[in-house]
Amino acid sequence: MHDDRLDDQFIRLVDELVVSAGKDPDLVRGLKWIDMQSRKNGISFYEMAFMVLKKHEAENRARQWLKNKESN
């Protein structure tokens, strides 16, 4: 289900991240990469940021699953 309120919250969060990025060179590089990839793929910066965060979350969950499986 599409939630415009959630979309607005995500956009505000990303905007705040961009504004505060000047203090973190690694974050600036990451945001530039997201910008380049979004242009390359013909999607919005926000869509690309969402895809990156979604992939990061999935990878973290997979690592946690593997860690739990190995400890059992």
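One can find the structure itself at the top, above this paragraph.
Just so you know, these numbers come straight off a predicted model, no measurement behind them.

A. Fine view of helix α2 (residues 25-41). Under the 1.5 Å per step criterion, the end-to-end length of α2 is 24 Å for 17 residues, consistent within 8% with the ideal 24 Å. Within α2, burial applies to Leu 31, Ile 34, Gln 37 and Ser 38. Taken end-on, α2 shows its buried residues confined to a sector of 125°, consistent with a single buried face. Facing away from the buried surface of α2 by more than 90 degrees, the exposed residues are Pro 25, Arg 29, Lys 32, Met 36, Arg 39 and Lys 40.

B. Spotlight on the side chain of Ser 38. Position of Ser 38 among the secondary structure elements: in helix α2. Look at Ser 38 and you get buried, because its relative accessible area is 2%. Filtering out sequence-adjacent residues up to four positions away, Ser 38 remains in contact with Ile 43, Ser 44, Phe 45 and Met 48.

C. Looking closely at the environment of Lys 67. Assignment of secondary structure puts Lys 67 in helix α3 (residues 45-71). When the C-alpha positions of Lys 67 and Asp 15 are compared, they lie 34 Å apart, and in sequence the two are 52 residues distant.

D. Broad picture of the packing of α2 against α3. Two elements in contact, α2 and α3, have axes separated by 8 Å at closest approach and are oriented at 115°. Relative to α3, the element α2 lies roughly perpendicular. Crossing of α2 against α3: the hand is right-handed. Listed contacts from α3 to Leu 31, Trp 33, Ile 34, Asp 35, Gln 37, Ser 38 and Asn 41 of α2 are Phe 45, Met 48, Ala 49 and Val 52.

Rules of the game
Residues numbered from 1 in each chain as written. Predicted model: local features only at pLDDT ≥ 70, side-chain atom pairs only at ≥ 80, totals over all residues. Heavy atoms only, no water. Helix = DSSP H or I, 4+ residues; strand = E, 2+ residues; numbered from the N terminus. Expected span 1.5 Å × (residues − 1). Buried < 20%, exposed > 50% of the residue type's maximum accessible area, 1.4 Å probe, protein only. Arc of directions from axis to C-beta. Contact = heavy atoms within 4.5 Å. Axes fitted to C-alpha atoms, helices over the stretch in contact; angles between N-to-C directions. Parallel < 35°, antiparallel > 145°, perpendicular 65-115°, else oblique. Left-handed = near helix turned anticlockwise from the far one by under 90°.

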